[in-house]
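A structural walkthrough
Next come the chains, spelled out residue by residue.
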Amino acid sequence: MSKYQNTLSFAQEKDKNDPLRKWREAFHFPTFHQKPVIYFTGNSLGLQPKRTKDYINLELDEWAKWGVEGHFDAKNPWFSYHELLTEKAAKVVGATKKEVVITHSLTTNLHLLMVSFYRPQGKRIKILCEGKAFPSDQYALQSQAKLHGLTPEEAIVEIFPREGEHLIRNEDIISKIYELGDELAVVMFGGLNYYTGQLFDMQAITEAGHKVGAKVGFDLAHAAGNVELKLHDWNVDFAAWCTYKYMNSSPGGVAGLFVHENHVSNEELLRLAGWWGHDKERRFLMEPQFKPIHSAESWQLSNAPVLGMAAHLASLDIFDEVGMSAISKKREDLTAYLEFVINEVSNSSAHTNFEIITPKNPKERGSQLSILAHGQGKPLFDILTKEGVIADWREPNVIRIAPVPLYNSYEDCYRFGEILKKAID
Ligand SMILES: Cc1ncc(COP(=O)(O)O)c(C=O)c1O
């Protein structure tokens, strides 16, 4: 007997008892043909917090008031603006203040980190990544191999699900790491796969990678702000994430970068350098010799884009107030409820042609459910869109939906089920 029911009254009762329910009001919801939508695409672009405008307007006003003097005299001086975000971002990913900096964009950060941590030497030249990694990661890794005079075929090892399966087994990842052994230079995995929604066991992968002498890093685009992370405790060497998905920090907004404390003071570690990574006390002495700050800040190249940072700060303040553990608690339950509703619809229909490929175990997934729509995915997706469901389609045949704990409700999940029923019938 399930603890859930596929009824409006059950969903509304769940909403009434939801400790995070007030946060829905803190976001702007788009409309579709003047009607409210069911917004299930926080895994692609998070909604705008209503407070974001004030945070950005404040910096616009300060810019108008101070001009260049705002670098030091603005209410939040721009010289050190990024520091306002560090501790809050570090909490979201389970890191110390020294290990995190908000800077650049995701793919840029992946490149900067690979430059530091992918140092192929002798036979240790391999990069292990998940098959069907997000294309930007594939291109980044291919070009990193070329940067060292290697072909992608020589350097990159992809690991895929077994024949007939959709998910990569953790045991297969670990045994591949041991099999590669002293040929493995870096493991660079998505923490949570963008296509299937599978959350990987980052702690076990890191441990195994270190046992064979490799460095281990993660692309956390789909994990940051979605699942609880403990990058420091897991001993992850490096990580990068964007902030425009679960962290609601504006389209293409500033990204996050993590380097473990074990490495931040190592001046021998190659960093592509810029003046914003240089010793803060000496930055304006305009010396020719680069002296890296002993923190993740030393990976910063340029002075901070304050307007984008302001949008991220607005969102981080919400995360700080709510906390990742409350977000995770609701996320597990909300996603499980949506899964239940979809399965109910599927079981009651004679025309079912879809299957959820995301892991069933809540510990192996985040918010996202990926629906594999055998053969008819696009028409089904198009009907959902017409009915006001903002979901997302990924080639070749997956509909991705993500109920986001900060602004989605149980009623959204119930209403989605009703629309899905209509669509498949
Ligand atoms: C897993 C993953 N990696 C990388 C990217 C690329 O991000 P950006 O364009 O911010 O560099 C994305 C974008 O959606 C992504 O989902």
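Everything in this summary refers to the structure shown in the same document. (Residues numbered from 1 in each chain as written. Predicted model: local features only at pLDDT ≥ 70, side-chain atom pairs only at ≥ 80, totals over all residues. Heavy atoms only, no water.)

**A short note on the pairing of strand E11 (residues 238–241)**
Every second residue of E11 is oriented toward a common face, with Phe238 and Ala240 on one face and Ala239 and Trp241 on the other, all of them buried. With four bridges connecting them, E11 and strand E12 (residues 256–259) associate as antiparallel partners. For Ala240, the partnering residue across the bridge sits in E12 and is Leu257. (Buried < 20%, exposed > 50% of the residue type's maximum accessible area, 1.4 Å probe, protein only. Helix = DSSP H or I, 4+ residues; strand = E, 2+ residues; numbered from the N terminus. Pairing = 2+ DSSP bridges.)

**Focus on the environment of Glu411**
Mapped onto the fold, Glu411 is located in helix H14 (residues 410–424). Its relative accessible area of 25% is what places Glu411 among the partly exposed residues. Note: C-alpha distance between Glu411 and Ser9 (402 residues apart in sequence) is 8.8 Å. Each residue touching Glu411, except ones within four places of it in the same chain, is listed here: Leu8, Ala11, Gln12 and Asp15. Within polar-contact distance, the side chain of Glu411 engages the side chain of Gln12 at 3.3 Å. (Contact = heavy atoms within 4.5 Å. Polar contact = N/O pair within 3.5 Å; in protein donor to acceptor, adjacent residues only side chain to side chain.)

**Notes on the site of the ligand**
Taken together, Leu106, Thr107, Phe134, Ser136, Asp137, Asp219, Ala221, His222, Tyr244 and Lys245 make up the full set of residues adjacent to the ligand. Within the side chain of Lys245, a nitrogen or oxygen atom sits 2.8 Å from an oxygen atom of the ligand. In the complex, 81% of the free accessible area of the ligand, which totals 400 Å², lies under the protein chains. Sorting the residues of the shell around the ligand by element identifies helix H5 (106–117) and helix H6 (135–147) as the ones contributing at least two each. The residue inventory of the shell around the ligand, partitioned by class, reads four nonpolar, three polar and three charged. (Near = heavy atom within 4 Å. Areas by Shrake-Rupley, 256 points an atom, 1.4 Å probe, with all protein chains shown as cover. Nonpolar A, V, L, I, M, F, W, Y, C, P; charged D, E, K, R; others polar.)

**With respect to the sheet that holds strand E14 (residues 369–373)**
Overall, antiparallel pairing links the four strands, which are arranged E13-E14-E17-E16 in an open sheet. Both edges of this open sheet fall to strand E13 (354–356) and strand E16 (392–394), since each of them pairs with a single strand only. On average, adjacent strands in this sheet sit at an angle of 30° to one another, irrespective of strand direction. Here E13 runs beside E14; their pairing, made up of three bridges, is antiparallel. Paired with Ile356 across the two strands is Ile371, which belongs to E14. (Axes fitted to C-alpha atoms, helices over the stretch in contact; angles between N-to-C directions.)

**What to know about the packing of helix H8 (residues 170–180) against helix H9 (residues 202–211)**
Axis separation between H8 and H9 bottoms out at 9 Å; the angle between their running directions is 15°. Judged by the angle between their axes, H8 and H9 are roughly parallel. In this structure, H8 meets H9 at a crossing whose hand is right-handed. Of the residues in H9, those touching H8 at Asn170, Ile173, Ile174, Ile177 and Tyr178 are Ala204, Ile205, Ala208, Gly209 and Lys211. Per-class residue counts for the contact of H8 with H9 are seven nonpolar, two polar and one charged. (Parallel < 35°, antiparallel > 145°, perpendicular 65-115°, else oblique. Left-handed = near helix turned anticlockwise from the far one by under 90°.)

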